[in-house]
Amino acid sequence: MQKQSPNLLDKTVLRAAAWLAFKKLTPKAAATNPVMFVVLIGTVITAFFTVQRLFAGQPFGFELATTLLLLFTVWFANFAESVAEARGRGQADSLRSAKRALKARRIKNGNEQNVDADLLRKGDRVRVVQGEYVPADGEIVKGVATINESAVTGESAAVLREAGGDHCGVIGGTKVLTGEFEFEVTADPGHSFLDRMIGLVEGAQRQKTPNEMALTVLLAALTMVFILVVVTLPPMAHFMGVSLDYTMLIALLVCLIPTTIGGLLPAIGIAGMNRALAANVVAKSGKAVEVAGDVDTLLLDKTGTITFGDRQATRFMSAGNTPVVDLVNAAVLTSYEDPTPEGKSVLELAEREGYRVPERPVSADYIPFSAETRLSGITLADGTTFVKGASDAITAWADARDIRIPDDLKTLVKEVAQSGGTPLVVTTDAQILGVIALTDVIKPGVAERFARLRALGVRTVMVTGDNPVTAGVIAAEAGVDDFVAEAKPEDKLNLIRAEQAKGRLVAMVGDGINDAPALAQADVGLAMNSGTQ
């Protein structure tokens with residue numbers, strides 16, 4: 001049974017579009033569509049004849065009916081276009097709602113106050129704990145934590161933020177995964193990262209397609225031809241001694257010029273949007289449906305779009321002469337109480353590769369992951385300890401216990417890092433067993449889809465906040481034509497503008513707050529309903 005899609009023409013959109021359609025009745029707005037501009041002028045003239053006949057005490061029913069029909073024609077053309085525009089503005093509104101939903105624990109005179117994030121000012125001190133969202137931009141002054149910044153940077157791996165040094169900055173809207181900290185707000189309302197994103201979205205301009213420009217010229221030319229035809233009728237009638245009704249002439253002109261094409265093009269676009277909606281694809285613009293067929297450059301965010309967005313265990317690599325099964329058993333024991341996606345993926349990898357793993361211990365002391373130690377583990381009832389964590393953290397843990405470092409450990413860690421992955425080292429209180437390779441897994445079928453796009457003449461470019469090594473590995477595996485690494489939201493926006501300046505039609509695929517400006521600027525913005533935000 002097909003999943004029900006959200007209604008494209010909901011009441012909120014219709015109300016906003018109806019009001020916007022009236023606002024577009026101004027000459028300046030109507031002048032962008034030459035056909036409907038002529039109809040609007042005709043409406044004003046017939047309205048003048050209606051008022052004139054009314055005050056003269058003459059019948060005015062025909063003039064009034066003609067005026068109302070012409071007015072409705074212009075309004076309907078505006079309304080059909082306004083539906084798409086009303087939905088398009090929802091992107092900036094969604095960013096605002098995300099900002100309004102943030103709450104903060106403001107510290108004042110030694111006491112905590114729960115306030116809306118909008119009330120925070122530069123210099124305020126705020127406490128954030130595990131599982132909460134950072135309410136504003138700032139710098140950590142006390143504590144340490146790991147933070148998921150993927151919605152902002154596109155980087156799928158959590159980052160460590162701590163007081164002092166170069167890594168104390170936090171961004172509003174990011175989520176604290178582990179730890180807690182206090183930070184000082186560094187941006188007043190209106191100047192935060194989210195505020196800049198909203199400004200970029202609202203300031204982005206969509207360029208017209210070649211088809212649109214060609215059709216506009218054609219419609220303008222046809223309109224001028226029929227205006228000339230109608231304008232010659234009164235002199236000819238006067239020469240022949242025939243009296244013409246000017247309201248009838250205007251009605252004739254509206255019937256002759258391509259009013260149907262000019263007025264119904266937006267409606268045709270909405271029909272295409274509804275067809276796409278039947279396939280669970282929400283198109284926010286009828287023009288986007290048309291432009292999608294002419295796109296020759298496709299830009300894609302990596303995290304949550306090309307990849308799943310969470311780093312997953314993909315390989316067990318034993319160190320020294322350690323049997324792989326010993327490494328797997330230790331990795332599984334340290335992951336039973338690990339709530340992170342990485343920890344769960346270790347269990348899934350062991351099961352997928354068919355290892356007979358130990359059962360969950362009935363009595364054991366678990367070592368939870370923390371931002372300070374960057375490791376987690378378990379101590380069994382017999383006193384044996386198993387630990388996994390970052391390579392430098394495990395090395396320090398082993399040195400403190402005089403555990404020998406295998407000769408090939410650095411080689412294994414380097415191999416995983418150079419392949420674009422994250423190495424997790426696994427050890428016991430007696431010896432280091434090996435490495436778990438964590439990688440950002442590409443969604444199945446992606447490479448085949450890119451090959452089909454290449455056959456259609458569409459160039460694919462991956463843009464990501466990852467480092468060049470990781471980005472290069474993912475790009476090669478996914479099969480894209482090119483990639484841009486360490487890209488900030490402004491970089492994505494500038495890349496699209498550069499492509500458009502070369503005369504190319506650009507589509508952008510993304511799923512996070514950091515992609516919103518690029519999605520708005522692109523000729524076609526494809527927002528994925530999954531991933532980071």
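Right above here is the structure, for reference.
Residues numbered from 1 in each chain as written. Predicted model: local features only at pLDDT ≥ 70, side-chain atom pairs only at ≥ 80, totals over all residues. Heavy atoms only, no water.

A. Looking closely at the packing of aromatic side chains. One pass over the full model with this rule turns up eight aromatic pairs. With centroids separated by 5.8 Å and ring planes inclined at 45°, the aromatic side chains of F22 and W75 adopt a geometry described as tilted. A residue pair is termed long-range when its members are at least 10 positions apart, and F22 in helix α1 (residues 11–23) and W75 in helix α4 (residues 61–88) qualify at 53 residues. Given a relative accessible area of 17%, W75 falls into the buried group. Among the aromatic residues, ring-to-ring pairing joins F22, F72, W75, F76 and F79 into one connected group. (Phe/Tyr/Trp six-rings, centres within 6.5 Å; stacked < 30°, edge-to-face > 60°. Helix = DSSP H or I, 4+ residues; strand = E, 2+ residues; numbered from the N terminus. Buried < 20%, exposed > 50% of the residue type's maximum accessible area, 1.4 Å probe, protein only.)

B. Layout of the packing of helix α14 (residues 324–335) against helix α15 (residues 341–352). Contact geometry of α14 with α15 gives a least axis separation of 9 Å together with a crossing angle of 140°. Between α14 and α15, the interaxial angle falls into the category oblique. Considering how the two elements wind past one another, α14 and α15 form a crossing that is left-handed. For the pair α14 and α15, the contacting residues are V328, A331, V332 and S335 in the first and G343, V346, L347 and A350 in the second. Broken down by class, the residue content of the contact of α14 with α15 amounts to six nonpolar, two polar and no charged. (Axes fitted to C-alpha atoms, helices over the stretch in contact; angles between N-to-C directions. Parallel < 35°, antiparallel > 145°, perpendicular 65-115°, else oblique. Left-handed = near helix turned anticlockwise from the far one by under 90°. Contact = heavy atoms within 4.5 Å. Nonpolar A, V, L, I, M, F, W, Y, C, P; charged D, E, K, R; others polar.)

C. Looking closely at the pattern of salt bridges. In the structure shown here, the tally under the stated rule is 18 salt bridges. R53 is the salt-bridge partner of E63, the closest N and O atoms lying 3.5 Å from each other. Here R53 lies in helix α3 (residues 34–55) and E63 lies in helix α4, a separation of 10 residues in the sequence. One network of salt bridges, with partners in common, ties together R105, E112, R127, E132 and E180. (Salt bridge = Lys/Arg side-chain N within 4 Å of Asp/Glu carboxyl O.)

D. Geometry of the packing of α3 against helix α10 (residues 246–256). Between α3 and α10, the shortest axis-to-axis distance is 10 Å and the interhelical angle comes to 165°. The pairing of α3 with α10 is recorded here as roughly antiparallel in orientation. Once α3 is placed against α10, the crossing between them reads as left-handed. Contacts between α3 and α10 involve V38, V39, G42, I45, T46 and F49 on the former and, on the latter, Y246, T247, I250, L253 and V254.

E. Examining the pairing of strand β15 (residues 459–463) more closely. Within β15, four of the five residues are buried, which leaves the element mostly enclosed by the surrounding structure. Summarising the sheet, strand β8 (residues 297–301) and β15 pair through five bridges and their orientation is parallel. Across the sheet, L299 pairs through a bridge with V461, a residue of β15. Pairing of β15 with strand β16 (residues 482–484) involves three bridges; the strand directions are parallel. Residue pairing for β16: V461 is matched across the bridge by D482. In this view, the connection linking β15 to its parallel neighbour β16 by way of helix α19 (residues 468–478) has right-handed handedness. (Pairing = 2+ DSSP bridges. Right-handed = clockwise from strand over helix to strand, strands pointing away.)

F. Up close: unusual backbone geometry. Although it is not a glycine, N109 adopts a positive phi angle of roughly 55°. Along the chain, N109 turns up in the loop between β1 (103–108) and β2 (111–116). In this structure N109 comes out as exposed when scored by relative accessible area, which is 74%. At E486, a position not held by glycine, the phi torsion is positive, near 50°.

G. Highlighting the environment of F49. In this structure, F49 sits in helix α3. Residues F49 and T247 lie 198 residues apart in sequence; the distance between their C-alpha atoms is 7.6 Å. In this structure F49 touches E63, Y246, T247 and I250, once residues within four positions along its chain are discounted.

H. Representation of the sheet that holds strand β18 (residues 524–527). With respect to topology, five strands assemble into an open sheet ordered β16-β15-β8-β17-β18, the strand pairing being parallel. With partners counted over all chains shown, the strands left at the sheet margins are β16 and β18, one partner each. Neighbour-to-neighbour, the strand axes of the sheet open up by a mean angle of 20°, direction not taken into account. Packed on one face of the sheet, α19 meets β15 and β16 and runs near 155° to β16.

I. Examining a nonpolar patch on the surface more closely. A contiguous nonpolar surface patch, about 280 Å² in accessible area, is contributed by V225, V229, L252 and L256. Elements with a minimum of two residues in the nonpolar patch: α8 (210–231) and α10. Counting through the fold element by element, V229 comes out in helix α8. On the basis of relative accessibility, which here comes to 39%, the residue V229 falls in the partly exposed class. (Patch = residues over 30% accessible without salt bridge, like charges linked within 9 Å, V, L, I, M, F, W, Y side chains within 5 Å. Areas by Shrake-Rupley, 256 points an atom, 1.4 Å probe, with all protein chains shown as cover.)

J. View of the side chain of T178. Looking at the element boundaries, T178 is found in strand β7 (residues 175–185). Among the residues examined, T178 registers a relative accessible area of 10% and is labelled buried. Side chain to side chain, T178 and T146 meet in a polar contact 2.4 Å long. (Polar contact = N/O pair within 3.5 Å; in protein donor to acceptor, adjacent residues only side chain to side chain.)

K. Up close: the pairing of β7. Pairing of strand β3 (residues 125–128) with β7, which is carried by four bridges, proceeds in the antiparallel orientation. Its bridge partner being in β7, V126 is matched across the sheet by F183. Across 10 bridges, strand β4 (residues 138–148) lies against β7 in antiparallel orientation. In the strand pairing of β7, N148 is matched with K175.

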